Amino acid sequence: YKADDKNGRHGFIRAWLNSKKLPLGKNTGMGIQEQRGCVLIGKLGLDGHDRGARLIARSLREDGFEVIYTGIRHTPEEVASAAVEGDVDVIGLSLLSGAHNELVPSVLKALRQASGGDIPIIIGGIIPEEDIARLKTEGICAVFTPGTPLPTILDAFRKAAHEYCERKRGGGFSSKEKPRRTDKT
């Protein structure tokens, strides 16, 4: 898939998403300047259960976010590459396989290698309580388990996107972190 002038800067991702035929919800009618930001929702490893990820993607879209849904069974490197290519403001990962202790550090490493180590990550899924504190110590913004109310999850995405965009505008990045997008917040 290639971007063209008609599709704009997210043409590659939109073309790829259109090939997935994912019904991401109704058009909110928001213009590009009014959108809350861009979110990537990803599924890692061999986990093929994506009902929750699709629900979150649809809810974020209806809440005014631009959403990139990668589909199932991707590597940490593929998710990191899509996040940097898509110039996202937040990454949401759904993890139901129990492999979060291996996959999350791999995603963080891949993001750092792709110059995207500054992008906030929110994860959800079957995460044991004893692993949540360690994941947050590693740099995960929020961890949600089954039964978390949808408004709580949406609030976390809004907050993470807002703080990330504020840091980009204010230049609050370390010398290794570089804000990538300046045309849209």
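Residues numbered from 1 in each chain as written. Predicted model: local features only at pLDDT ≥ 70, side-chain atom pairs only at ≥ 80, totals over all residues. Heavy atoms only, no water.

*Asks:* Looking at this model, I keep getting lost on helix α6 (residues 150-170). Mind explaining?
*Replies:* The end-to-end C-alpha distance of α6, which contains 21 residues, comes to 30 Å, matching closely the 30 Å that a straight helix rising 1.5 Å per residue would cover. Among the residues of α6, Ile-153, Leu-154, Ala-156, Phe-157, Ala-160, Ala-161, Tyr-164, Cys-165 and Lys-168 are the ones counted as buried. Projection of α6 onto a plane perpendicular to its axis shows the buried side chains occupying an angular sector of 155 degrees, all on one side. Exposed and facing more than 90 degrees away from the buried side of α6 are Pro-151, Lys-159 and Gly-170. Among the structural elements, β1 (37-43), α2 (51-62), β2 (65-69), β3 (90-95), β4 (121-125) and β5 (142-144) are those in contact with the buried residues of α6. (Helix = DSSP H or I, 4+ residues; strand = E, 2+ residues; numbered from the N terminus. Expected span 1.5 Å × (residues − 1). Buried < 20%, exposed > 50% of the residue type's maximum accessible area, 1.4 Å probe, protein only. Arc of directions from axis to C-beta. Contact = heavy atoms within 4.5 Å.)

*Asks:* Can you walk me through the environment of Val-88 in this structure?
*Replies:* You can see Val-88 is positioned in the loop between α3 (76-86) and β3. The class of Val-88 is buried, set by a relative accessible area of 0%.

*Asks:* How do you make sense of the sheet that holds β2 when you look at a structure like this?
*Replies:* Two pairing modes exist for strands in a sheet, parallel and antiparallel, and in both the strands are linked by backbone hydrogen bonds. What the five strands build is an open sheet, ordered β2-β1-β3-β4-β5; its pairing is parallel. Either end of the sheet is taken by a strand with one partner, and the two such strands are β2 and β5. Between one strand axis and the next, the sheet turns through 20 degrees on average, direction left out of account. Pairing analysis gives three bridges linking β4 to β5, with the strands arranged parallel. By the bridge assignment, Ile-123 is partnered in β5 with Val-143. On the sheet, α3 packs against β1, β2 and β3 and is oriented at approximately 165 degrees with respect to β1. (Pairing = 2+ DSSP bridges. Axes fitted to C-alpha atoms, helices over the stretch in contact; angles between N-to-C directions.)

*Asks:* What is the right way to look at unusual backbone geometry in this model?
*Replies:* Trans peptide bonds make up most of the peptide bonds, and negative phi angles are found at most residues other than glycine. At Asp-87, a residue that is not glycine, the phi angle is positive and equals roughly 55 degrees. Its place among the elements puts Asp-87 in the loop between α3 and β3. The class of Asp-87 is buried, set by a relative accessible area of 8%. Even without being glycine, Ser-115 reaches a positive phi, approximately 60 degrees. Assignment of secondary structure puts Ser-115 in the loop between α4 (100-113) and β4.

*Asks:* What should I look at first to understand the pattern of salt bridges in this one?
*Replies:* Counting across every chain of the model gives nine salt bridges. With a closest N to O distance of 3.2 Å, Asp-89 and Lys-168 form a salt bridge. Here the residue Asp-89 occupies a position in the loop between α3 and β3, and Lys-168 occupies one in helix α6, the gap between them amounting to 79 residues. Of the two residues examined, Asp-89 and Lys-168, each falls in the buried class. A salt bridge links Asp-155 to Arg-158, with the nearest nitrogen and oxygen atoms 2.3 Å apart. (Salt bridge = Lys/Arg side-chain N within 4 Å of Asp/Glu carboxyl O.)

*Asks:* Would you mind showing me how to read the nonpolar core here?
*Replies:* The nonpolar side chains of a soluble globular protein tend to be buried, and buried together. Within the largest apolar cluster, 27 residues are counted, with the highest numbers of intra-cluster contacts made by Ile-91, Ile-121 and Ile-123. Those elements that provide at least two residues to this core are β1, α3, β3, α4, β4 and α5 (129-138). Residue contributions to this core peak at six residues, all from α4. In this structure, Ile-91 is in contact with Leu-40, Val-79, Ala-83, Leu-111, Ile-119, Pro-120, Ile-121 and Ile-122, ignoring residues within four places of it in sequence. By size, the runner-up hydrophobic cluster in this structure holds 19 residues, among which are Ala-53, Leu-60, Ala-160 and Ala-161. (Core = buried A, V, L, I, M, F, W, Y, C linked by side-chain atoms within 4.5 Å.)

No statement about biological role is implied by the geometric values presented.
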